[in-house]
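Coordinate inspection notes
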Amino acid sequence: MKSKKVLALLLTGVIALSLSACSSGGGTEAEKTGDSTGTESGSVNTSEGDIAELTVMHKLSGNEKYREGDDINNNVWTRYYLEEYGIKLNYTVAAVGDDYTQKLTMAIASKDLPDLIEVPAKEFQELAAAGMLADLTDVYEQEASDLLKSALEADGGTQLASAQIDGRLYGIPQVAAADSTCDLLWIRTDWLEKVGLEAPTNMEELLEVARAFRYDDPDGNGQDDTWGIGFQKETNGQDGASPGSFEGFFAAYGAYARAWLPDEDGSIAYTGIRSGMKSALAQLNQMYEEGLLDPEFGVKDATKLSEDIASGRVGMFYGNEGVPWGAAKSCIEMNPEADWQCYPIVSATDDVAKPISYVRLNKYFVINKNCENPEAIIKLANAFQDKINSLESSEETLNTFGVDPETGINLAEYAAVALDPAVQKCNTYYAEIKAALSGEVKPEEIHPEAKRYYETIKAYLDNGSDKTNDSLGWNYYKFIGPEGSWNTIINSYKANDILVESVFFGASTPTMGTKLASLDKMQSENYINIIMGTKEADAFDEFVNNWKTLGGDEITKEVNEWYDATFSDIK
Amino acid sequence: MKIRESNSRKIFVIFNYIFLGILALSCILPLINLFAISFSSRAMVDANAVRFWPKDFSTAAYEYILGNRQYYQSFAMTILRVVVGWFVNLSLTILVAYPLSKDDPRIFRCRRLYTWFFLITMCFSGGLIPTYLVVSKVNLVNSFWALILPEAVPMFCVLIMMNFFKGLPKVIEEAALVDGANWFVTMWKVYIPLSKASLATVSLFVIVNHWNAWFDGLIYMNMPEKYPLMTYLQSIVLKFDITKITSEMLMRNPNLLEVTGRGIKGALILLCTLPILLVYPFLQKYFVTGVVMGSVKE
């Protein structure tokens, strides 16, 4: 009997402990970052001759393939670094996706950071604040090539400024192309023809199309199985959601789900609580009551909505420029009759609808402060820009360092400090492809990478636009062809100067760290409740008040402080 | 003589069968669905049109996985880990459980102290980061032994073995001692041959544990080449980064866009669980005996 009691006691202890263990994770992390002294890198930075050895922590894409005999520590890039710059890279840690963040946390906790690291925004702030990163200000000034500088400062230096603390540079940000995050209105043109309507140019016409798609049997199967317009459940998700985004719809009323924009008085304010949002939600509620929305949208994520799009139940939705690669592609493969086209978003008021774009800075390349060769990071970044992103790089260079024509392996995947092309490169390609297709320039004269895309599109057009047999050609055509999402819509957004960019893109402010998650949840719940009619539209005013008092005001203050501090130099 | 069944009994049996049937179906149907998805084409999977039979048959997902060096490396790693881990765990389990099963204080005076010493490890652990620090400071990170040594003494198995040893008649042991055997010989020649059933149970626990473990592989292994199979399965990121797919890649490898995340996931899960699924039915009876074994004491 006694042993039984002991056992019971023991088991209770186990349960209590395992519960407390769950909540103790955050504490240890904070302790670790607070303690910045005594960091010692496990690497050896001995300079043998002129060779600088760097240990590297690398995030993998999960798709890497190597040529025969090559591996991550021995490939065309590492050999080039060694020969050209005398930099020897030792990849000591590599992992995919979220696992990489896990490995990074372990490395920070055990104070065993490699020399060259790729870090997400949150960890960048922590490491930089703890003084664990090398100051790159001087080496950037001395070593960065003009090409690298122009790529990093393409947006006027705002994103690079986010890597600075007190005016000193601690990392090289992966400059994000905000343009591609804006919403377009995607519509099935075969359905439009069937119901005898034109593409909508304002909210009234959009509702008309939605009603026709819902009730006029656009797929002609005699069944009541189509929805007017497709939405998914994330009303205000951190990384946006496509297809089925709400931002394009909200924009019709001059509101955005999670943007930070200057108000009339010049201070930065949250757009998720703008008064226009109330009208937008009321309108959505009306559409919901009319049956135009799938009543299950509140539990469907973008993947689920993609299934509906692919199987031909949804013919209109808001989404970004990449849609032809995903759901719409599956849709035309399932049903050769189907065709998709993107249109500019529409407005519900007399003002023109202004689409919103977000800078999503998700990684920085940094150097451990104990590394003796901080200039290496700039040299490596230069190399990638010269070989891959330069508009002057020859076809031979691209074949050697980019996609290997023999095996189809993308060698650029294992370059270090591989900063993806900035915006202007994409724009150049699109312009060049368009010019080549219309015969203004010869295909030989345009950039070799653009020429590859051009050839795919040309072949698609020459074969009579047969999207059933050449769905890949259709992808490229809809993406960067003359009718493509980028050329027709995004460039016209930009030409008319209506593309709005959310100004806040730093790491979380202190109050955001503690309160943003619950505020976001509250926002999402209120939006969905109003749309589905479980709450009156007037509940929006109450939500706005709650949002402000529960931390929104503090966050707004901090965002303004961040804005002033970050942009004081550049403004 | 035939026992007549009452009506209520019949109804009970019928409902019992229906209930158990539904339960069994709910276990097997997701697997069949996964199987169908893994053999279907991308468009069909994306449109969620696949139920329990492959549509638009395609082996692209399997070609993708089996054409990947990593799958074989990880498979070899897991096999090695299961074999070595089984040996280490089993020998240490026996060596710990045997002395702890001697509850006569004249034989083993500090038994109580040691029992608590081991039991405490079952209830308290250092937590993720401290454990990682210990492993990294003894230079085990990125080494195969990081998968074996931190969990070298599976306490649950020790408890099972301990109770089993206790249940064996003491007179056998006394006879062996009288015949001049020492403690070690008694264990080796008398106890172990008598414990084959419980050793099989413990082996099964250990093997399944090692086969399924993925988290230690993730935190202790620095390069994906060294991941065991389950870590690889867990970590494979199946979102194809569209911006990185080039037309050349697609021309060389037109299957690339034909495989989907869900198709590959389904294929991988099947390929990774199949071996253990095949072994399981044959070992399952030991599982049941093993769990019951420790529960009855004299």
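Computed from a predicted model, the values in this text were never measured in an experiment.

Okay, the overall build of chain B next. Each helix and strand counted, chain B has 14 helices and zero strands in total. Helices and strands appear in chain B in the N-to-C order α-α-α-α-α-α-α-α-α-α-α-α-α-α. Within the span of chain B, comprising 298 residues, buried residues form 30% of the whole. When contacts within chain B are restricted to residue pairs at least 6 apart in sequence, long-range pairs at least 24 apart make up 70% of them.

What follows concerns the nonpolar core. Ranked by internal contacts, the top residues of the largest apolar core, which has 195 residues, are Trp186, Phe250, Val366, Ile377 and Leu380 of chain A. Residue contacts for Leu380 of chain A: discarding those within four places in its chain leaves Tyr81, Ile87, Ala416 and Val417 of chain A. Counting residues in each nonpolar core, the second largest holds 18 residues, with Leu100, Cys157, Val158 and Phe164 of chain B among its members.

Attention now moves to the domain arrangement of chain A. On domain assignment, one finds that chain A holds domain 1 (35-175 + 361-414), domain 2 (183-353) and domain 3 (423-500). Taking the mean C-alpha position of each, domain 1 of chain A and domain 3 of chain A sit 31 Å from one another.

Once that is clear, we can look at the sheet that holds strand 10 (residues 316-319) of chain A. Residue and element names in this part refer to chain A. What the three strands build is an open sheet, ordered 10-7-11; its pairing is antiparallel. In this open sheet, the two strands that pair with only one neighbour each are strand 10 and strand 11 (340-343). Taking each pair of neighbouring strands and ignoring which way they run, the sheet shows an average axis angle of 30 degrees. Judged from the four bridges that link them, strand 7 (residues 184-188) and strand 11 form a sheet pairing that is antiparallel.

Its 13 residues place the ends of helix 10 (residues 203-215) of chain A 18 Å apart at the C-alpha level, agreeing with the 18 Å of an ideal helix rising 1.5 Å per residue. Residues of helix 10 of chain A that are buried in the fold lie against helix 9 (189-195), helix 12 (275-289) and strand 10 of chain A.

The next point concerns the confidence of the model for chain A. Mean pLDDT over chain A stands at 81; residues scoring 70 or higher make up 89%. Note that residues 13-48 of chain A has pLDDT below 50 and, in this model, 36 contacts with residues that lie over four places away or in other chains.

Once that is clear, we can look at the packing of helix 14 (residues 327-334) of chain A against helix 19 (residues 471-480) of chain A. Residue and element names in this part refer to chain A. Orientation of helix 14 relative to helix 19, taken along the N-to-C sense of each, is 140 degrees, at an axis distance of 11 Å. Comparing the axis directions of helix 14 and helix 19 gives the class oblique. Crossing angle aside, the handedness with which helix 14 passes helix 19 is right-handed. Together, Lys329, Ile332 and Glu333 of helix 14 and Ser471, Trp474 and Asn475 of helix 19 make up the contact between the two elements. Along the lines of polarity and charge, the residues of the contact of helix 14 with helix 19 split into two nonpolar, two polar and two charged.

Here we take up the environment of Pro169 of chain B. Mapping Pro169 of chain B onto the fold places it in the loop between helix 7 (155-167) and helix 8 (170-178). Sequence separation of Pro169 of chain B and Leu29 of chain B is 140 residues, and the distance between their C-alpha atoms is 47 Å.

Further remarks concern the sheet that holds strand 3 (residues 116-119) of chain A. All names here are of chain A. Read across the open sheet, the five strands follow the order 2-1-3-13-6; overall the sheet is mixed. The open sheet has two free edges, formed respectively by strand 2 (87-96) and strand 6 (172-173), since each of these has just one partner strand. Both strand 1 (residues 52-60) and strand 2 contribute to a ladder of nine bridges, which runs parallel. The residue of strand 2 that forms the bridge with His58 is Ala94. Sheet strands touched by helix 15 (residues 375-389): strand 1, strand 2, strand 3, strand 6 and strand 13 (364-367). Its angle to strand 2, the strand with the most contacts, is close to 80 degrees.

What follows concerns unusual backbone geometry. All names here are of chain A. Look at Lys111: it is not a glycine, yet its phi comes out positive at around 50 degrees. Of note, Lys111 is situated in the loop between helix 4 (97-109) and strand 3. With a phi angle near 50 degrees, Asp166 is a residue other than glycine that sits in the positive phi range. For Asp166, the position within the fold is in the loop between strand 4 (164-165) and strand 5 (168-169). On the basis of neighbour count, Asp166 is assigned to the exposed category, with 6 C-beta atoms found within 10 Å.

Cut-off values and rules
Throughout, residues of each chain are indexed from 1 in the direction in which the sequence is written. Chain letters start at A and ligand numbers start at 1, both assigned in the order the entries are written. Where local features are concerned, this predicted model is filtered to residues with pLDDT of at least 70; where side-chain atom pairs are given and counted, the filter is 80 or more; whole-chain, interface and lining totals use all residues. A helix here means a DSSP run of H or I that spans at least four residues, while a strand means a run of E at least two residues long, and both kinds are numbered starting from the N terminus. Exposure criterion: with C-beta atoms placed from backbone coordinates, a residue whose C-beta has 20 or more other C-beta atoms within 10 Å is buried, one with 12 or fewer is exposed, and one in between is partly exposed. In this description, a residue-residue contact is defined by the distance between C-beta atoms placed from the backbone, which must lie within 7 Å. A set of buried Ala, Val, Leu, Ile, Met, Phe, Trp, Tyr and Cys residues, joined through C-beta atoms within 7 Å, is what we mean by a nonpolar core. The domain limits used here are those given by an automatic or database domain assignment. Whether two strands pair comes down to DSSP finding at least two bridges between them. As a rule, the C-alpha atoms of each element are fitted with a line to give its axis, helices using only the stretch in contact, and angles between N-to-C directions run from 0 to 180 degrees. A helix is expected to span 1.5 Å for every residue after the first. One confidence number per residue, pLDDT, is output by the predictor and ranges from 0 to 100. The cut-offs work like this: below 35 degrees is roughly parallel, past 145 is roughly antiparallel, 65 to 115 is roughly perpendicular, and the gaps in between are oblique. A crossing counts as left-handed when the near helix is turned anticlockwise from the far one by less than a right angle, and as right-handed when that turn is clockwise. Residue polarity is assigned by list, with Asp, Glu, Lys and Arg as charged and Ala, Val, Leu, Ile, Met, Phe, Trp, Tyr, Cys and Pro as nonpolar; anything else, Gly included, falls into the polar class.

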